[in-house]
Amino acid sequence: MSCKSKFRLPVGLVMPVIAILLSISGPGYSAGTDIELVRDGKTQFAVVLPSDPEPEENLAAQELIDAIRQMTGARLSIGKSTDNGSKIYLGSVEAFVKSGMLSQIVGSIPVLNPEQYVTFAQGGNFLMLGGSPQAVLWAVYGLLQDFGCRWYMPGKAGEVIPSRKHLSIGSDQRIMGPAFPYREIAFVWGRSPERQEAHRLWKQRNRFATPPIKIGHNFKASLPPEASFEKRPDLYALFGGQRVKQQICTTHPDVIRMVIRTINEYFDEHPDVLCYALGPDDNVDFCECERCRALDTGEYDDELERPVVTDRYIAFANQVAEGIQERHPGKMVSIFAYNNHIKPPVNHPVLPQIAVFFTTNRYCAGHGIGDPVCSSRQQMKIDLARWAELSTHVYIFDYDPAPYNSEFQWPLFGARAREMDIYKTLGVKGIFSHSSASWATLSPNFWVTGQCLWGTDCTARELLRDYCDGFFGMDPQGPSSAGLQEIADNMFSFYENLEGCFTAYRPQLKWESQDYKTIYSSRCLRACRDYLNRTLKAAQSVSLPQRDIVISRVEMVDLGFQYLENYVACQRLLEKNSGGEQFVSSLKACFHAVETMLEMNPDYIEGRSAVSDVIRGLSEGRNLKTDAPFGLVTKWNVIGPFDNTGLLGHNGVFPPEKEINLDAQYEGAEGPVAWRIIDASERLGYIDLLQHFKRQDWASIYALNYIQASHECDVQLRMGSNDGMKLWIDGELLLDTGDGGRPAYFDSDIIPVHLKAGVTPVLLKVSQMERSWGFYFRITDTDGRQYKDIRLSPVPFQ
């Protein structure tokens, strides 16, 4: 792109580096003169690697050679430094020194950090030298980006390699490096090996990278096996007057000693890891013993209805960090500033051996820290600045999109571009973005985030222009035909309208926010639809071979937008208490858009969260009386609740696990319980257990169904639960998700099963902690399509 990195070193620091360079004869280039790499599809250059290249250096050479060939038809070869002709020297400075290919070193040489690289011309040759083999790869992708190559989404669907007759390289010296050392987008859902590889390659080509700093909710997992809850309940949180498994007691001397031992043993086995994850488990039920409470400041979090526990958390982390220094000096632990420990500590310092991941979940999810009128994000700025004063290792843990947003458009690309300078000024070291792989609706966010983390002087508008000119116009440096220019212009206006609606929405957006009918006004949706329709029409006139790829990209965005349009239509009909055929038609169109996207490319939409969130958002508190989508099973025979206090119920054994007797009564958590049939058809197939049981926290229930198959068959049982779930088929335990908390998502768990001919009972156990409680269940063929050659009944077939 035309905007360059604003984080390269000044020229005055570059010149001494040139003193280390090769003694090479050949035609010289004056400063500022471009080097002609390819002319009319031919090149005189060869790539020269160090004598014993690292895998990253070999990969860098191959990526360069392949891209140049695709762009121009010219074929770069791998050569030697002694060959005649012009060369591209490609490798790390250290490797070239060890190869003996560098002349004598003169003067002061600034050291490149492992992600920096220097490029320049000398003696008719071009040199791309990295501070590490990894940086050599970054140098190649930076050069290819200057040539107009882009990777906007994974796979060929997102690749742009423009055609060029000529390629030139600037001869001036530059040292380049990323703006932030920690750059990660984590697509949280599990994917097939093929999709995982495509995402890995997309991140590599967009120069994402993370240092060996581990993060995660890891308190209980940091205790050794002999400290299990069953053996040592005294090591766990005192909550509500009893010991519970949710958290550990961070002031217990044995806990501190054991955690230090665990971390020391971890670093013994993983010496290359810099930082161990020491995040609390993902809940707010911290210990209420006197020792722990004595470290608190007395501040109370009204929203979470819990005390602020930052000081006790920092005191614990400090003790652990100090405890590992003797055996592993310089090693660190990472913590979360999150939930009721997001506020900075008051009475305790943050040791240099602690990395703070500042989590944005308590702040507005629809605006960035660069939005001057969003009071929530401005409060975040104040809190973040204080953490940055206390710690030299602060990272952002962000969400894109906000969890439970149904995978709809959440246009944060402008917010990302506007906030990076602020993060840099505050001393933030990088960003971990918790994301969903829904490229049909979110791809501009992901690509722009990558560009900003590397560091450019592009504005949000310029980055969006690059995205539209490249992805839809086939060349980010300017569409080559009037037809492509029209398409790129229309898509630019489409995305500008989307973001404009989002930035104009001033209330704080939180997780599970489904107020799309207000965020996206009828006027906004009509304007976006108009731009898309114009684009679809213009794409039909594009000449082959560009026509097919342009149409597929526009159709991808169109399907994602149809999904939003029909969901908003459903919301507005419900607001008017209007259902009937119009509502059913819009609902079916909403789910049809999801199904179509998944069939076309599983990267287009994260179907599990999309379906789950739509069902939850539309059916919550309503009686919709329409068919459940995707073959979800709505009628179940249930019994309970049984006690799950301290999460003991999920791992315990209640009578339904020993026998299925539909006439029996058992002692439950609050008196006798018996089997009864529930029907969740009005919930579109989400079994909301809060609607059917009076006890709504710390409980377990069993749900029973019978599957009748006319012949043997292979199927998949697909389910999701809030919180833990167990599954038995014909009495055999096939799934145990554990006793921890999790949201209920469509198809979270997929279990292959070979059904026998006849009747097979399926028994579920769904265990609840607090708040939401429910599950999804359906049966598909081995390709994920609804399996119709079976019958289900909550009572035995006659």
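This one's a predicted model, so the numbers in the text were calculated from it and none came from an experiment. (Residues numbered from 1 in each chain as written. Predicted model: local features only at pLDDT ≥ 70, side-chain atom pairs only at ≥ 80, totals over all residues. Heavy atoms only, no water.)

Undergrad: Teacher, can you tell me more about the state of the cysteines here?
TA: Following the criterion strictly, the structure yields one disulfide and no others. For the unlinked cysteine Cys374, the closest cysteine sulfur is that of Cys364, found at 4.0 Å. Here Cys570 stays unpaired: no disulfide links it, and the sulfur of Cys590, its closest cysteine neighbor, is 6.0 Å away. Under the relative-accessibility criterion, Cys570 is labelled buried at 0%. (Disulfide = S-S within 2.5 Å. Buried < 20%, exposed > 50% of the residue type's maximum accessible area, 1.4 Å probe, protein only.)

Undergrad: How should the pairing of strand E5 (residues 117-122) be read in this particular structure?
TA: Remark: a regular strand shows side chains that alternate across the two faces of the sheet. Counting buried positions over the six residues of E5 gives five, a clear majority of the element. Bridge analysis of E5 against strand E6 (residues 125-130) gives six bridges, and the strand direction is antiparallel. Bridged to Thr119 within E6 is Met128. Hairpin connection, E5 to E6: the antiparallel pair is bridged by two residues, and Gly123 has positive phi, about 55°. For E5 and strand E10 (residues 174-176), the ladder comprises three bridges, and the chain directions are antiparallel. (Helix = DSSP H or I, 4+ residues; strand = E, 2+ residues; numbered from the N terminus. Pairing = 2+ DSSP bridges.)

Undergrad: Would you mind going over the side chain of His252 with me for this structure?
TA: Mapped onto the fold, His252 is located in the loop between strand E13 (242-248) and helix H6 (253-269). Accessibility expressed as a relative area gives 13% for His252, which makes it buried. Reaching out from His252, the side chain makes a polar contact with the side chain of Asp234 at a distance of 3.2 Å. Residue contacts for His252: discarding those within four places in its chain leaves Arg232, Asp234, Leu235 and Arg291. (Polar contact = N/O pair within 3.5 Å; in protein donor to acceptor, adjacent residues only side chain to side chain. Contact = heavy atoms within 4.5 Å.)

Undergrad: Would you mind showing me how to read the sheet that holds E6 here?
TA: One key point about sheets: their strands pair by backbone hydrogen bonds, in either a parallel or an antiparallel sense. Spatially, six strands are ordered E3-E2-E4-E6-E5-E10 in an open sheet, and the strand pairing comes out mixed. Edge positions in the open sheet fall to strand E3 (77-79) and E10, since each of these has one partner strand only. Strand after strand, the sheet turns through a mean of 25° between neighbouring axes, direction not considered. Along the sheet face, helix H2 (residues 55-72) touches strand E2 (45-48), E3 and strand E4 (86-92) and points at about 140° away from the line of E4. (Axes fitted to C-alpha atoms, helices over the stretch in contact; angles between N-to-C directions.)

Undergrad: What am I meant to see in the sheet that holds strand E19 (residues 394-400) here?
TA: Taken together, six strands build an open sheet; the order of strands is E11-E20-E19-E18-E17-E14 and the sheet is parallel. With partners counted over all chains shown, the strands left at the sheet margins are strand E11 (182-187) and strand E14 (275-277), one partner each. The average undirected angle you get between the axes of adjacent strands in this sheet is 25°. Packing against the sheet, helix H8 (residues 310-323) makes contact with strand E17 (332-337) and strand E18 (354-359), and its axis sits at approximately 170° to E17. The strands that helix H10 (residues 413-426) touches are E19 and strand E20 (430-435); relative to E19, the one it contacts most, it runs at about 170°.

Undergrad: Teacher, can you tell me more about unusual backbone geometry here?
TA: A negative phi holds for most residues other than glycine; trans holds for most peptide bonds. Between Asp400 and Pro401 the backbone carries a cis peptide bond, its omega angle lying at 5°. Locating Pro401 in the fold gives a position in the loop between E19 and H10. Backbone geometry at Asn339 places phi at a positive 45°, although glycine is not the residue there. Here Asn339 shows up in the loop between E17 and E18. The backbone of Asp730 shows a phi angle near 55°, a positive value even though the residue is not glycine. Along the polypeptide, Asp730 turns up in the loop between strand E28 (724-729) and strand E29 (732-736).

Undergrad: Any chance you could explain the packing of H10 against helix H12 (residues 460-471) here in plain terms?
TA: A pair of packed helices can be characterised by two numbers: the angle between their axes and the separation between those axes. Remark: H10 packs on H12, axes separated minimally by 9 Å, with the N-to-C direction vectors making an angle of 135°. When the axis of H10 is compared with that of H12, the two are oblique. The two elements H10 and H12 meet at a crossing, and its hand is right-handed. When H10 is examined against H12, the residues Phe413, Gly414, Ala417 and Arg418 are found in contact with a partner set consisting of Ala460, Leu463 and Leu464. Residue composition of the contact of H10 with H12, grouped by class: five nonpolar, one polar and one charged. (Parallel < 35°, antiparallel > 145°, perpendicular 65-115°, else oblique. Left-handed = near helix turned anticlockwise from the far one by under 90°. Nonpolar A, V, L, I, M, F, W, Y, C, P; charged D, E, K, R; others polar.)

Undergrad: Hey, could you run me through the pattern of salt bridges in this one?
TA: Side chains carrying opposite charge are able to pair once their charged atoms draw close together. Applying the stated rule across the entire model yields 51 salt bridges. Measuring nitrogen to oxygen at the nearest pair gives 2.9 Å for the salt bridge that ties Arg205 to Glu63. On the criterion of sequence distance, the pair formed by Arg205 in helix H5 (residues 193-205) and Glu63 in helix H2 is long-range, its members being 142 residues apart. Here Arg205 matches Glu63 in class, with each residue buried. Ionic pairing is found between Arg164 and Asp475, a salt bridge with its closest N-O pair at 2.8 Å. Residue Arg164 is located in the loop between strand E8 (159-160) and strand E9 (166-169), and its partner Asp475 is located in the loop between H12 and helix H13 (482-504); the two are separated by 311 residues in the primary sequence. The class of Arg164 is buried, set by a relative accessible area of 17%. (Salt bridge = Lys/Arg side-chain N within 4 Å of Asp/Glu carboxyl O.)

Undergrad: I tried to follow the packing of aromatic side chains on my own but got confused; where do I start?
TA: Remark: the centre distance and the inter-plane angle together describe each pair of aromatic rings, the angle taken between the planes. Enumeration according to the criterion identifies 55 aromatic pairs in this entry. Taking 6.1 Å as the distance between ring centres and 85° as the angle between the ring planes, the aromatic pair formed by Tyr516 and Tyr567 counts as edge-to-face. Remark: Tyr567 occurs in helix H16 (residues 546-575) and Tyr516 occurs in helix H14 (residues 516-519); sequence separation between them is 51 residues. An identical accessibility class is assigned to Tyr516 and Tyr567; each is buried. (Phe/Tyr/Trp six-rings, centres within 6.5 Å; stacked < 30°, edge-to-face > 60°.)

Undergrad: Any chance you could explain the environment of Glu299 here in plain terms?
TA: If you trace the backbone, Glu299 turns up in the loop between helix H7 (290-294) and strand E15 (300-301). Its relative accessible area of 38% is what places Glu299 among the partly exposed residues. On a C-alpha basis, the gap between Glu299 and Leu463 in space is 43 Å, while along the polypeptide they are 164 residues apart. Every residue in contact with Glu299, bar those within four places of it in the chain, is listed here: Pro307, Val308 and Lys343.

Undergrad: I keep staring at the confidence of the model for the chain and nothing clicks. Help me out?
TA: Where the model shows low pLDDT, its predicted coordinates should not be examined in detail. The predicted model of the chain has a mean per-residue pLDDT of 91, with 95% of residues at 70 or higher. Counting interchain partners and residues more than four positions distant, the pLDDT-below-50 stretch residues 5-31 has 70 contacts. Note that pLDDT drops below 50 for residues 104-109; the model gives that stretch seven contacts with residues more than four away or on any other chain. (pLDDT = per-residue confidence, 0-100.)

Undergrad: For this particular structure, what's the right way to read the environment of Glu667?
TA: Among the structural elements, Glu667 can be located in strand E22 (residues 665-668). Linking Glu667 and Gly470, residues 197 residues apart in sequence, is a C-alpha distance of 65 Å. For Glu667, the contacting residues outside a window of four places in its chain are Phe642 and Pro672.

Undergrad: Which parts of the structure should I look at to understand H6?
TA: The periodicity of an α-helix, 3.6 residues per turn, causes residues three or four positions apart to be oriented the same way. Look at H6: 25 Å from first C-alpha to last across 17 residues, which is about the 24 Å you get at 1.5 Å a residue. Elements that come into contact with the buried residues of H6 comprise E13, E14, H8 and E17. (Expected span 1.5 Å × (residues − 1).)

Undergrad: Sorry if this is basic, but what is going on with the side chain of Asp603 here?
TA: For Asp603, the position within the fold is in the loop between helix H17 (580-600) and helix H18 (607-619). Polar contacts involving the side chain of Asp603 include one to the side chain of Arg195, which spans 2.9 Å. At 3.4 Å, the side chain of Asp603 and the side chain of His199 are in polar contact. Those residues in contact with Asp603 that sit more than four places away from it in its chain are Pro154, Arg195, His199, Ala437, Ser438, Trp439 and Ala440.

Undergrad: Where do I start with the packing of helix H11 (residues 439-454) against H12 in this structure?
TA: The N-to-C vectors of H11 and H12 enclose an angle of 120°; their axes lie 10 Å apart at closest approach. When the interaxial angle is binned, H11 and H12 end up oblique. Judged by the sense of rotation from one axis to the other, the crossing of H11 with H12 is right-handed. Residues Ser443, Pro444, Trp447, Val448, Gln451 and Cys452 of H11 touch H12, and the partners they reach there are Leu463, Asp466 and Tyr467. Residues belonging to the contact of H11 with H12 are distributed by class as follows: six nonpolar, two polar and one charged.

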